Amino acid sequence: MHQLRSHTEPVFSVAINGVRPEQVATGGGDDTAYLWRLDAPNAPAHKLEGHTDTVACMGFNADGSLLATGGLDGTVRVWDAASGECLRVLRGHTHFVMCCAFNRQGSVVASGAYDETVRLWEVKTGACVRKLPAHSDPVTAVDFSADSSLLVSSSHDGLCRIWDAETGSCMKTLLSPANPPISFARFTPNSKYVLTASMGDDECCLKLWNYESGKAEKVYRGHTNAKYCLLGSFFTHGGKSPLIVNGSEDGSILFWDVTSQRVVQRISGGANGAGGAGDPADQGPAEDEPPPAAPEDGDGAGDKAGPAEDAGHSNVVLTTACHPTKPWVASGELGDGATIKIWVRDL
């Protein structure tokens, strides 16, 4: 396991390059993003300067050549992933940018912001080609389907919406009965479902939605998420059905089996859920299952999360990212001088 340290404030975003697997990007409350090489993890390879406020979100394009970042300065920036050069500054949002994502072709970046809109940007020119009045509260996540024909967005207004990425038409709205704030949403790897995460003491859970029927078919519990936007991901290494990975406000990282809904691994943490700004704009096991085995013992099937002394974060885990083909998980935490950890999940 690697530990990456350079940020002086909380780490709000992390991404792993799916084509250049040794490359990781991180962004934090120190207004800075970094590009790291895991074969030389002691210092960042590139410091990406330009944002004038927290770097709240990021993502690589499909061929690994570009990185998009969004900041509380209201801008989206597109960077050359090899050199760290800033290629485009996308201006138009009138408030904090909370989320961004490339389409499959790398020709369009979607972004969502506290101004309650989703914008689509042409990467080549930097032009805003579409503005969607998407929500009635801050937009917390955007993601394209595998073929880029659909876009999903989520918001603190409790809604998750599916859009036609070409026309901008809203095709479906997903809504839970209690209408809790939605902290993130993304398509499953095969794009047949949408995963959402809701916040609150009573409504803390992840849900897998059949967006065609508009119904939540599975629910995943076991983490704590009452206060902060925690960004999850899918672990797809090993040729098996994917696992859902999400951080927790107690410093843990949980892995759920998509089909059985069970927690199959927990990397325990030691956070108390306090001590910093968890939403960038603000600067226990499930009831029906026993506690999972300790990380060093795996889940009973040979899974390990590193040595016991590295078992988890000491603060709220704000963000996780998984490599699409390698058994690697990156995680970032709340707190000044926060640490990014890179885990190898043995199969």
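The model shown is predicted, which means the values in this text are computed figures rather than measured ones. (Residues numbered from 1 in each chain as written. Predicted model: local features only at pLDDT ≥ 70, side-chain atom pairs only at ≥ 80, totals over all residues. Heavy atoms only, no water.)

A.B. asks: Mind laying out the sheet that holds strand E21 (residues 215-220), listing which residues take part and the relevant values?
C.D. replies: Spatially, the four strands line up as an open sheet ordered E18-E19-E20-E21, and their pairing is antiparallel. The sheet is open, and its two edges are formed by strand E18 (182-187) and E21, each paired on a single side. On average, each strand axis in the sheet is tilted by 25 degrees relative to the strand beside it, whichever way the strands run. With five bridges joining them, E18 and strand E19 (residues 194-198) adopt antiparallel strand pairing. Within the sheet, the bridge partner assigned to Arg 186 lies in E19 and is Leu 195. (Pairing = 2+ DSSP bridges. Helix = DSSP H or I, 4+ residues; strand = E, 2+ residues; numbered from the N terminus. Axes fitted to C-alpha atoms, helices over the stretch in contact; angles between N-to-C directions.)

A.B. asks: Outline the pairing of strand E8 (residues 75-80), supporting the account with residue identities and numerical values.
C.D. replies: Here E8 lies mainly inside the structure; five of its six residues are buried. Hairpin connection from strand E7 (residues 66-71) to E8: three residues lie between these consecutive antiparallel strands, with Gly 74 at a positive phi of about 85 degrees. Alignment of E8 against strand E9 (residues 86-91), held across five bridges, turns out to be antiparallel. Following the sheet pairing, Arg 77 is matched in E9 by Val 89. Connecting E8 to the antiparallel partner E9 that follows it, the hairpin turn spans five residues, and Gly 84 within it adopts a positive phi of roughly 80 degrees. (Buried < 20%, exposed > 50% of the residue type's maximum accessible area, 1.4 Å probe, protein only.)

A.B. asks: Can you lay out the nonpolar core for me, pointing to particular residues and giving the numbers?
C.D. replies: One finds Ala 110, Val 118, Leu 120, Val 142, Phe 144 and Leu 151 to be the most contacted residues of the largest nonpolar core, which totals 14 residues. Only strand E10 (97-102), strand E11 (108-113), strand E12 (118-122) and strand E14 (139-144) provide two or more residues apiece to this core. In terms of residues, this core owes the most to one element, E14, which gives three residues. Dropping the residues within four chain positions of it, Val 142 is found in contact with Cys 99, Cys 100, Ala 101, Ala 110, Ser 111, Gly 112, Val 118, Leu 151, Val 152 and Ser 153. (Core = buried A, V, L, I, M, F, W, Y, C linked by side-chain atoms within 4.5 Å. Contact = heavy atoms within 4.5 Å.)

A.B. asks: Describe the side chain of Arg 266, with residues and values.
C.D. replies: Looking at where Arg 266 falls in the secondary structure, it is placed in strand E25 (residues 263-267). With no salt bridge to any partner, buried Arg 266 finds its closest opposite charge in Asp 250, at an N-O distance of 4.4 Å. Only 3.5 Å separates the side chain of Arg 266 from the backbone oxygen of Gly 222, close enough to count as a polar contact. (Lys, Arg positive; Asp, Glu negative; His and termini not counted. Salt bridge = Lys/Arg side-chain N within 4 Å of Asp/Glu carboxyl O. Polar contact = N/O pair within 3.5 Å; in protein donor to acceptor, adjacent residues only side chain to side chain.)

A.B. asks: Break down the pattern of salt bridges for me, with residues and values.
C.D. replies: Counting across every chain of the model gives three salt bridges. Notably, a salt bridge pairs Arg 37 with Glu 22, separated by 3.2 Å at the nearest N-O pair. Of this pair, Arg 37 sits in strand E4 (residues 33-37) while Glu 22 sits in the loop between strand E2 (11-16) and strand E3 (23-28), and the two are 15 residues apart along the sequence. Since its relative accessible area comes to 23%, Glu 22 is described here as partly exposed. A salt bridge links Glu 49 to Lys 47; the nearest nitrogen and oxygen atoms lie 3.7 Å apart.

A.B. asks: Would you mind going over the sheet that holds strand E27 (residues 328-333) in detail, with residue names and values included?
C.D. replies: Spatially, four strands are ordered E1-E28-E27-E26 in an open sheet, and the strand pairing comes out antiparallel. Strands at the two margins of the open sheet, each flanked by one partner only, are strand E1 (2-4) and strand E26 (317-322). If you compare each strand with its neighbour and ignore which way they point, the axes differ by 20 degrees on average. In terms of strand pairing, E1 meets strand E28 (residues 340-344) through three bridges, oriented antiparallel. Its bridge partner lying in E28, Leu 4 is registered against Ile 340.

A.B. asks: Quick one: what's the story with the packing of aromatic side chains, residue by residue and with numbers?
C.D. replies: Think of a pair of aromatic rings as described by two things: how far the centres are apart, and how the planes are tilted against each other in angle. Using the criterion set out here, one finds four aromatic pairs in the structure. Pairing Tyr 34 with Trp 36 gives two aromatic rings, centres 5.9 Å apart and planes at 55 degrees, and the pair type is tilted. Overall, Tyr 34 belongs to the buried group, its relative accessible area being 9%. With centroids separated by 6.3 Å and ring planes inclined at 80 degrees, the aromatic side chains of Phe 235 and Phe 255 adopt a geometry described as edge-to-face. In this pair, Phe 235 sits in strand E22 (residues 233-235) while Phe 255 sits in strand E24 (residues 253-257), placing the two residues 20 residues apart along the sequence. The class of Phe 235 is buried, set by a relative accessible area of 2%. Phe 255 sits in the buried class, given a relative accessible area of 2%. A cation sits over an aromatic face here: Arg 345 above Phe 235, 5.6 Å from the ring centre. Taking NZ or CZ as reference, Arg 345 lies 4.9 Å from the ring centre of Phe 255, over its face. (Phe/Tyr/Trp six-rings, centres within 6.5 Å; stacked < 30°, edge-to-face > 60°. Lys NZ or Arg CZ within 6 Å of the ring centre and 35° of its normal.)

A.B. asks: I'd like a description of the environment of Gly 29, backed by residues and values.
C.D. replies: Mapped onto the fold, Gly 29 is located in the loop between E3 and E4. Assessed through its relative accessible area of 6%, Gly 29 is described here as buried. Sequence separation of Gly 29 and Pro 10 is 19 residues, and the distance between their C-alpha atoms is 5.4 Å.

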